[in-house]
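Report on the structure
Residue strings, one per chain:
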Amino acid sequence: QVQLVESGGGLVQAGGSLRLSCGASGRTFSNYIMGWFRQAPGKEREIVASITRSGGRTYYADSVKGRFTISRDNAKNTVYLQMNSLKSEDTAVYYCAADQGGTYKTWDYWGQGTQVTVSS
């Protein structure tokens, strides 16, 4: 079992930046691929970024490439999402998730989410 807790969301003006954090407790954090997802009102949840167990490889949705950066610190059991040049369309609840099996399709554990609101 892994418990995930996101923080760092808030209200920011368009063009601004936020850094989300997701702290994990429970089993060995480095055993999990980690991902950030978001869900905007009336829309389906979508993946934003993911990072391998070692942090050596990352994936980004086209909509955030060049603006967002995912990273992890296995010693601190934390994954981050640095969000720059924010746009109004980035407004959503952001969730972190952990994938034990490495499928990138079945995400075993989820945080409670943190709201990001970008004002234009």
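Whatever comes next refers back to the structure up there.
Residue indices follow the written sequence of each chain, beginning from 1 at its first position. Predicted model: local features are reported for residues with pLDDT of at least 70 only, side-chain atom pairs are reported and counted for 80 or more only, and whole-chain, interface and lining totals are derived from all residues. Side-chain numbers come from the whole structure's heavy atoms, not from hydrogens or water.

Some remarks on the pattern of salt bridges
The salt bridge criterion pairs a side-chain nitrogen of Lys or Arg with a carboxyl oxygen of Asp or Glu, the two atoms within 4 Å. If you walk through the whole model with that rule in mind, you get 4 salt bridges. A salt bridge links R38 to E46; the nearest nitrogen and oxygen atoms lie 2.7 Å apart. Judged by its relative accessible area of 6%, R38 is buried. Accessibility here uses a 1.4 Å probe with only protein chains present; expressed as a share of the type maximum, an area under 20% marks a residue as buried, one over 50% as exposed, and anything in between as partly exposed. Among the residues examined, E46 registers a relative accessible area of 34% and is labelled partly exposed. A salt bridge links R67 to D90, with the shortest nitrogen-to-oxygen separation between them at 2.7 Å. Linking R67 in the loop between β6 (58–60) and β7 (68–73) with D90 in the loop between β8 (78–83) and β9 (92–99), this pair joins segments that are 23 residues apart in sequence. Per residue, the accessibility class of R67 equals that of D90, and both read buried. Each helix corresponds to a stretch of at least 4 residues labelled H or I by DSSP, and each strand to a stretch of at least 2 residues labelled E; elements are numbered beginning at the N terminus.

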